[in-house]
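Descriptive analysis of the structure
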Amino acid sequence: MLDHAYDEMFTGLGDLHQHCEPLLEHFSLLPSEELQRRKQAADLSFLNQGITFTVYGREEGTEKIFPYDLIPRIITAAEWATVEHGLTQRITALNLFLKDIYNEGRILDDGIVPREVVYSCKHYRRQMMGLQVPRNVYIAVCGTDLIRLENGEFVVLEDNLRVPSGVSYMLTNRRVMKRIFPQLFRSYNVRPIEQYTQLLLGTLRSLAPEGRPEPNIVLLSPGVFNSAYFEHAYLARQMGIELVEGRDLVTHDNVVYMRTTIGLRRVDVIYRRVDDDFIDPLAFRGDSILGVAGLFNAYRAGNVTLANAFGTGVADDKALYAYVPEIIKYYLSEEPVLKNVETYLLTRPKERQHVLQNLDKLVVKAVGESGGYGMLIGPQSTKAEQEDFARKIEADPRNYIAQPTISFSRAPCLIGDELQPRHVDLRPYVLYGDKVTIVPGGLTRVALNQGSLVVNSSQGGGSKDTWVLSQ
Amino acid sequence: MLSRVADSLYWMSRYLERAEHTTRLLDVNLNLMLDESPISAERRWQRVLQALGKPKNIEWTGEPYALTQALTFDTENKASILSCIIAARENSRHVREQISTEQWHRLNSLYLQVTRPEMQHRTQSEALGAGMTQPSEFLQSVMEAVHQFQGVTDSTMNHGEGWQFIQVGRYIERACATALLLQAYHIDLWGHPERMADGNEYLDWMGLLRSATAFEAYCKVYTADLTPDQIFEFLLLDEEFPHSVRFSIDSLLCALEKIQGDSGKSRAEGLRRLSGRLQSSLSYSSVDEILSLDVLAYLSSIQAQCRAIHETIYELYVDYSIQAALAG
């Protein structure tokens, strides 16, 4: 089945997509030792720079480099235009949706999205009801995962609206690529992505509370033990803002301050990379030590802005995902440019029946999970695993969705010293402030294990540079 | 600057200074040992332990390479070179966005170099065997890496508040270490001149100077004529030598003043008084006066004053009360 997957480089038997010709030519001219040398140079550069992620639950060497593939993935200008249009439409509609469900609830009254689906979301926050969010921006930063179907069409696999990560790898991959293959890079007209951090800063600045013309913007990280800590530090440094942890912040009279060597300094905008659950022990999980007591009240008082807002996780609940095309039509009166992957809702008896009978062919995902956890990939699973999931689904159908196993596209990767196809996805990073901005490209993640469809870094995935051509 | 960041930069710097100091003491003494009788070797290594503040759980067992191994690689010992480098790197990891890429790169490479598992085995087995070049090469490479880190720090990082906290950490550690070094030698040599009968005193005094990288600098000022009182004067009171206690305290004061200037507050008065008092006592004392007093008590008092300065820095910049800050 997977053999039908779209190929990012080849069109058929040995024929190339036109835009890949110079690329393949360049690589085929390099002797294999030279390729290996450059590969090692790249790996060493990542290791020495400490561009690593933390692997949980392992004793030896908790810091690993994110495996990096030397062969770039190329997206043509026309393909990108569609992606950009589709993502803009999607984030606009999702922001309108969040505003609606936390205020009037029109879409619920009109029965487009069932009330119980929203209210039963793990990430729904009733504390957000009726609250005015600056500029009505709930989702300022979004990382949407796209895959390509057999016909080459991009579709949305999932939205990541809480604290999407990986953008630092997109930026550092490019930097390494430019150093290792300068001529090849120059010969393509690749659109730049380096402006991302400046755009992110501009987006955050545009969300400052009223009357704070020179906002003090900080990035809130859970700290050095978080798997994405490298990224937090990287972004803070590139933006020139303070990287803070919960213990650096205090609230007083609904104002947030950070503890500095010259005393307390007011904080206006927080780019938070801490989940809702852990961000304020008074408002959410009382046992969190990562958060800031009283932050939510300061937020409610309008004295500090958070990006993303509390409660955005509703819209990336995997059960709600099934309704996004309807949501787009409802708010924008447009057809969705990027389709969804067909999704079965297990709360519907007929669909549940179908899924339970076909567990060996489908992918089942827990709705509130991410990072490749809580998944069953039917065709690659054992009978026992399927039975285990069947029990879980019957016990709590709301907590799972199912999708067909899609043979998403593959791209050639350097494995050992030969090129081998591996499945890839694409995560572009969408910013929503004054306007929608998407740097051309994103993080292409690679399932490095042969035949695997899981690209998450925590599950043995790697990445490659993504080139969007300017013409 | 965030208090937590100041804290991490300060400790990163202190730990590296400590690692460098321990490395140099080991290197110097391993080298001098080759010229000495076994009896004086024992005294020498006891003195090294004394100069390092008698690290817990480490005893002299008559085997210099085993002691070197423990002081270098034993992570149970918080003062070992490896522990210090790991701690420095861990502190820098918490403030990565505050230090330059070049700094991080240098420190991270040092960390990767010393934590390679084969490193420890190789150094151990080869040192215990016949060849003794390995520990020395290793110690040299650590010192070079720390020096490079300091160079890169000075030339790539803004000389703003963060850099000043790095200076504070370095010099407070250095002042304490030099005072402790003088104390160890005083207990062992000045206090008991009769022990110096074996004619090797030149080596002992040279060892002391080298332990503070001071041999060449001393010779430039006093010639190669090593006399104990001049050595004491040089390491304690010299105005221009970067490892002397006085130079360290002058530099510490200078960094603290910059930080106080940035923070623009009057509540730094207590810190100014403490550090200023120590500085004047070093600037306006003569070596004869000091040597005529209780030298050990004098050196202990320098260390106690450094500790008080450390605590006051904490109360002022890092661990202050929120209520007081809101009221102020």
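Look above for the structure.
Before going into details, it helps to say that this report is about the structure given with it.

Analysis parameters
- Residues numbered from 1 in each chain as written.
- Chains lettered and ligands numbered in written order.
- Predicted model: local features only at pLDDT ≥ 70, side-chain atom pairs only at ≥ 80, totals over all residues.
- Heavy atoms only, no water.
- Helix = DSSP H or I, 4+ residues; strand = E, 2+ residues; numbered from the N terminus.
- Rg over C-alpha atoms; globule rule 2.2 N^0.38 Å.
- Buried < 20%, exposed > 50% of the residue type's maximum accessible area, 1.4 Å probe, protein only.
- Contact = heavy atoms within 4.5 Å.
- Areas by Shrake-Rupley, 256 points an atom, 1.4 Å probe, with all protein chains shown as cover.
- Pairing = 2+ DSSP bridges.
- Axes fitted to C-alpha atoms, helices over the stretch in contact; angles between N-to-C directions.
- Core = buried A, V, L, I, M, F, W, Y, C linked by side-chain atoms within 4.5 Å.
- Expected span 1.5 Å × (residues − 1).
- Arc of directions from axis to C-beta.
- Buried area = accessible area lost by both parts, 1.4 Å probe.
- Salt bridge = Lys/Arg side-chain N within 4 Å of Asp/Glu carboxyl O.
- Polar contact = N/O pair within 3.5 Å; in protein donor to acceptor, adjacent residues only side chain to side chain.
- Right-handed = clockwise from strand over helix to strand, strands pointing away.
- Phe/Tyr/Trp six-rings, centres within 6.5 Å; stacked < 30°, edge-to-face > 60°.
- Disulfide = S-S within 2.5 Å.

The subject of this paragraph is the overall build of chain B. Helix and strand content of chain B: 16 helices and 0 strands. Its C-alpha atoms give chain B a radius of gyration of 20 Å, within 12% of the compact-globule value 20 Å for 328 residues. For chain B, the spread of C-alpha atoms along the three principal axes comes to 65 × 50 × 35 Å. Burial status across chain B gives 58% buried among its 328 residues. Across chain B, contacts joining residues at least 24 apart in sequence account for 68% of those joining residues at least 6 apart. Summed over all atoms, the accessible surface of chain B reaches about 13600 Å², with 51% contributed by carbon and sulfur.

All names here are of chain A. Pairing is parallel across the open sheet formed by 4 strands, whose spatial order is β7-β6-β11-β12. Looking along the sheet, the strands with just one partner apiece sit at the ends: β7 (242-244) and β12 (305-307). Strand after strand, the sheet turns through a mean of 30° between neighbouring axes, direction not considered. Relative to β7, strand β6 (residues 217-220) runs parallel, the two being bridged by 3 bridges. Across the sheet, the residue bridging to L220 is V244, located in β7.

The biggest cluster of nonpolar side chains holds 239 residues, and the ones touching the most others in it are A:F97, A:M128, A:Y196, A:Y299, A:V314, B:L235 and B:L236. It is helix α8 (residues 161-190) of chain B that provides the largest number of residues to this core, a total of 15 residues. Contact partners of B:L236, with chain neighbours within four places excluded, come to B:L182, B:S244, B:V245, B:R246, B:L282, B:I290, B:Y298, B:L299 and B:I302.

Here we come to helix α15 (residues 383-395) of chain A. Residues lying three or four places apart along an α-helix face the same way, a consequence of the helix completing one turn every 3.6 residues. All names here are of chain A. For α15, which comprises 13 residues, the first-to-last C-alpha distance of 18 Å matches the rise-based estimate of 18 Å (1.5 Å per residue) to within 8%. Of the residues making up α15, those classed as buried are Q386, F389, A390 and I393. End-on view of α15: buried residues confined to an arc of 110°, all on one side of the axis. Facing away from the buried side of α15 by over 90 degrees, the exposed positions are A384, R391 and A395.

A separate point is helix α13 (residues 269-283) of chain B. Over its 15 residues, α13(B) runs 20 Å from end to end, which matches the ideal 21 Å to within 8%, given 1.5 Å per residue. All buried positions along α13(B) are accounted for by B:L271, B:L274, B:S275, B:G276, B:L278 and B:L282.

Turning our attention to the interface of chain B and chain A. Contacts between the two partners involve 33 residues from chain B and, on the opposite side, 27 residues from chain A. At the boundary of chain B with chain A, total buried surface from both sides reaches about 2700 Å², with 51% on carbon and sulfur atoms. Run the count over chain B and chain A and you get 2 salt bridges. Put simply, B:R4 and A:E245 hold a salt bridge, and the shortest N to O gap is 3.4 Å. At the boundary of chain B and chain A, one finds 15 residue pairs in polar contact (both at pLDDT 80 or more). If you list the elements that add at least two residues to the side of chain B that touches chain A, you get α1 (3-33), α4 (81-94), α5 (101-115), α8, α12 (245-263), α15 (295-318) and α16 (322-327) of chain B.

Residues and elements named next belong to chain A. Strand order across the open sheet formed by 3 strands is β8-β9-β10, with antiparallel pairing between neighbours. The strands lining the two open edges of the sheet, one partner per strand, are β8 (249-252) and β10 (263-266). Going across the sheet, the axis of each strand differs from the next one's by a mean of 40°, ignoring polarity. The sheet contact formed by strand β9 (residues 255-260) and β10 spans 4 bridges and is antiparallel. Among the inter-strand pairings, R259 is bridged to a residue of β10, identified as L264.

This brings us to the pairing of β6(A). Residues and elements named next belong to chain A. Side chains I217 and L219 project from β6 onto one buried face, and the interleaved V218 and L220 project onto a second face that is buried too. Here β6 runs beside strand β11 (residues 269-272); their pairing, made up of 4 bridges, is parallel. For L219, the partnering residue across the bridge sits in β11 and is Y271. For the segment spanning β6, helix α9 (residues 229-239) and β7, crossover handedness is right-handed.

So, about the packing of aromatic side chains. Aromatic rings considered in pairs are described by the distance between their centres and by the relative angle of their planes. Scanning the model with the defined rule gives 27 aromatic pairs over all chains in all. When the centroid spacing of 5.3 Å and the interplanar angle of 40° are considered together, the rings of A:F284 and A:F310 count as tilted. A residue pair is termed long-range when its members are at least 10 positions apart, and A:F284 in the loop between α10 (276-279) and α11 (295-300) and A:F310 in the loop between β12 and α12 (318-321) qualify at 26 residues. Neither A:F284 nor A:F310 differs from the other in exposure class; each is buried. Seen from their ring centres, B:W45 and B:W60 are 6.2 Å apart, and the 10° between their planes marks the pair as stacked. Of this pair, B:W45 sits in helix α2 (residues 38-51) while B:W60 sits in the loop between α2 and α3 (64-73), and the two are 15 residues apart along the sequence.

All names here are of chain A. For strand β15 (residues 362-366), a buried count of 5 out of 5 residues is recorded, marking the element as mostly surrounded by other parts of the structure. Covered by surrounding structure in β15 are L362, V364 and A366 together with V363 and K365, the residues of both alternating faces. Of the strand pairs in this sheet, β15 and strand β17 (residues 400-404) are connected by 5 bridges, and their pairing is antiparallel. Residue K365 lies in a different strand from β17, and its bridge partner there is I401.

Inspection of every chain in the model, using the stated rule, returns 46 salt bridges over all chains. One salt bridge in this structure joins A:D317 and A:R398, with 3.4 Å as the shortest N-O distance. Of this pair, A:D317 sits in the loop between β12 and α12 while A:R398 sits in the loop between α15 and β17; the two residues are 81 residues apart in sequence, bridging distant segments of the chain. Classification of A:R398 as buried rests on a relative accessible area of 16%. A salt bridge links B:D204 to B:R47; the nearest nitrogen and oxygen atoms lie 3.3 Å apart.

Evaluation of the coordinates by the stated rule reveals 0 disulfides over all chains. Sulfur of A:C121: no disulfide; nearest cysteine sulfur belongs to A:C142 and is 16 Å away. Residue A:C121 is classed as buried on the basis of its relative accessible area, which comes to 5%. You can see B:C306 has no disulfide; the closest cysteine sulfur is in B:C176, sitting 3.9 Å from it. We classify B:C306 as buried; its relative accessible area is 1%.

For the bond running from A:A307 to A:N308, omega is -5°, close enough to zero to count as cis. Within the secondary structure, A:N308 is located in the loop between β12 and α12. Despite not being glycine, B:T213 shows a phi value in the positive range, around 50°. Examined against the element boundaries, B:T213 turns out to sit in the loop between α9 (201-211) and α10 (215-222). For B:T213, a relative accessible area of 34% corresponds to the partly exposed category.

Bringing the environment of A:L30 into the picture now. All names here are of chain A. On the secondary structure map, L30 appears in the loop between α1 (21-29) and α2 (32-48). The class of L30 is buried, set by a relative accessible area of 16%. Considered as a pair, L30 and E334 are 304 residues apart in the sequence and their alpha carbons are 48 Å apart. If we ignore the near neighbours within four places in the chain, the residues touching L30 are L35, R38 and F181.

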